[in-house]
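One-letter residues, chain by chain:
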Amino acid sequence: MSNLLEGKTALVLGVANKWSLAYAIAQAFRREGASLILTYQGERLKKPVEDLATELGASRVFECDVTRDEDLARLSELGRLDAVVHSIAFANREDLDRPFVETSRAGFALALEVSAYSMVAVARAAAPLMSEGGAMITLTYLGSSRVLTNYNVMGVAKASLEAAVRYLASELGPRKIRVNAISAGPVKTASARGIKDFSKILSAVAERAPFRRNTDPAEVADAAVFLASDLGRGVTGDVMFVDAGFHIMGL
Ligand code: NAD
């Protein structure tokens, strides 16, 4: 522990279980001395996330489904915030299983709403709480800029999310609020299991990435600590790859 986040309060959206990237980030933030506020999506996750919040010593935990304006409004009622972690994405299973060209209008809109627009809505609610400046961090994936089989509409949503990061960073920079994305390598989480043949992606990365292995969620979490801490004070609008180096590889 080096107390990089001592005295800071962080809101973490997107913990569903112990495998969630948001959980690894919350653990690292806690290790570095941050005070935590967690949210969960829907009644089904209430008890499990409350249990994880207790284990993490979080000061608050409450429901926030990003498709509901009344839930998003609760974010504006929090006190001072120094960091926000947005670790949320969703697409209908059928849109990840069938050819991309078959994506429905409703499926496209839902994926973009939950996975990209929600970052804008969260930023709008959280920015006024960052009176001393702060850091917003979201999670993205290489499928935003490269074609990865079966990632489909999620790739389009991640491209939108990364563009949103740049526009938010530009607007919030004068208020000393930094906005960045971490592009994580594939990690076996509940969301990742929704992608057909995900295990083939894991094997391809382990075979070809410079590190010849997959990404450890703790590596993603430590990058988030850097971005949330004063060490990251010079960085905004960026997409930081934490993916065992896979993104640099050609043939
Ligand atoms: P996860 O399933 O643990 O987390 C996804 C979270 O999104 C869950 O907590 C879920 O409740 C939440 N969510 C979905 N719809 C929501 C809604 N309407 N309102 C509020 N919350 C909602 O999986 P994860 O892999 O930890 O995903 C976290 C983030 O990391 C996502 O943005 C994902 O795209 C990104 N990411 C994951 C990987 C990977 O391989 N696992 C790689 C790169 C980026």
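If you're wondering where the values come from, they're calculated on a predicted model, not measured in any experiment.

Engineer: Explain the packing of aromatic side chains to me, using residue names and the numbers behind them.
Structural biologist: For the coordinates displayed, the defined rule picks out one aromatic pair. Here Tyr 141 and Tyr 151 contribute two aromatic rings whose centre-to-centre distance is 4.9 Å and whose plane-to-plane angle is 70°, an arrangement assigned as edge-to-face. In this pair, Tyr 141 is assigned in the loop between strand S5 (134-140) and helix H6 (152-172) and Tyr 151 in the loop between S5 and H6, connecting sequence segments 10 residues apart.

Engineer: How would you sum up the pattern of salt bridges? Please name residues and give values.
Structural biologist: All chains considered together, the criterion is met by 14 salt bridges. Where Arg 68 meets Glu 63, a salt bridge forms, and the shortest distance between an N and an O atom there is 3.0 Å. Residue classification places Arg 68 among the partly exposed residues on the basis of a relative accessible area of 31%. Linked by salt bridges that have partners in common, Glu 63, Arg 68, Asp 71 and Arg 74 make up one network.

Engineer: I'd love a proper account of the site of the ligand, names of residues and values included.
Structural biologist: Surveying the vicinity of the ligand reveals 29 residues, the closest of which are Gly 14, Ser 20, Val 187, Thr 189 and Ser 191. At 2.8 Å, a side-chain N or O of Lys 158 approaches an oxygen atom of the ligand. A distance of 2.8 Å separates an oxygen atom of the ligand from a polar backbone atom of Val 187. Within the complex, 94% of the 810 Å² of free accessible area of the ligand lies under protein. Judged by its atoms lying within 2 Å of the grid points, the ligand is housed in the largest pocket. Secondary-structure elements contributing two or more residues to the shell around the ligand are S5 and helix H7 (190-193). Looking at side-chain class alone, the shell around the ligand contains 18 nonpolar, nine polar and two charged residues.

Rules of the game
Residues numbered from 1 in each chain as written. Predicted model: local features only at pLDDT ≥ 70, side-chain atom pairs only at ≥ 80, totals over all residues. Heavy atoms only, no water. Phe/Tyr/Trp six-rings, centres within 6.5 Å; stacked < 30°, edge-to-face > 60°. Helix = DSSP H or I, 4+ residues; strand = E, 2+ residues; numbered from the N terminus. Salt bridge = Lys/Arg side-chain N within 4 Å of Asp/Glu carboxyl O. Buried < 20%, exposed > 50% of the residue type's maximum accessible area, 1.4 Å probe, protein only. Near = heavy atom within 4 Å. Polar contact = N/O pair within 3.5 Å; in protein donor to acceptor, adjacent residues only side chain to side chain. Areas by Shrake-Rupley, 256 points an atom, 1.4 Å probe, with all protein chains shown as cover. 1 Å grid on protein atoms, 1.4 Å probe; cavity = no way out; pocket = protein on both sides within 12 Å on 5 of 7 lines; lining within 4 Å. Sits in = over half its atoms within 2 Å of the grid points. Nonpolar A, V, L, I, M, F, W, Y, C, P; charged D, E, K, R; others polar.

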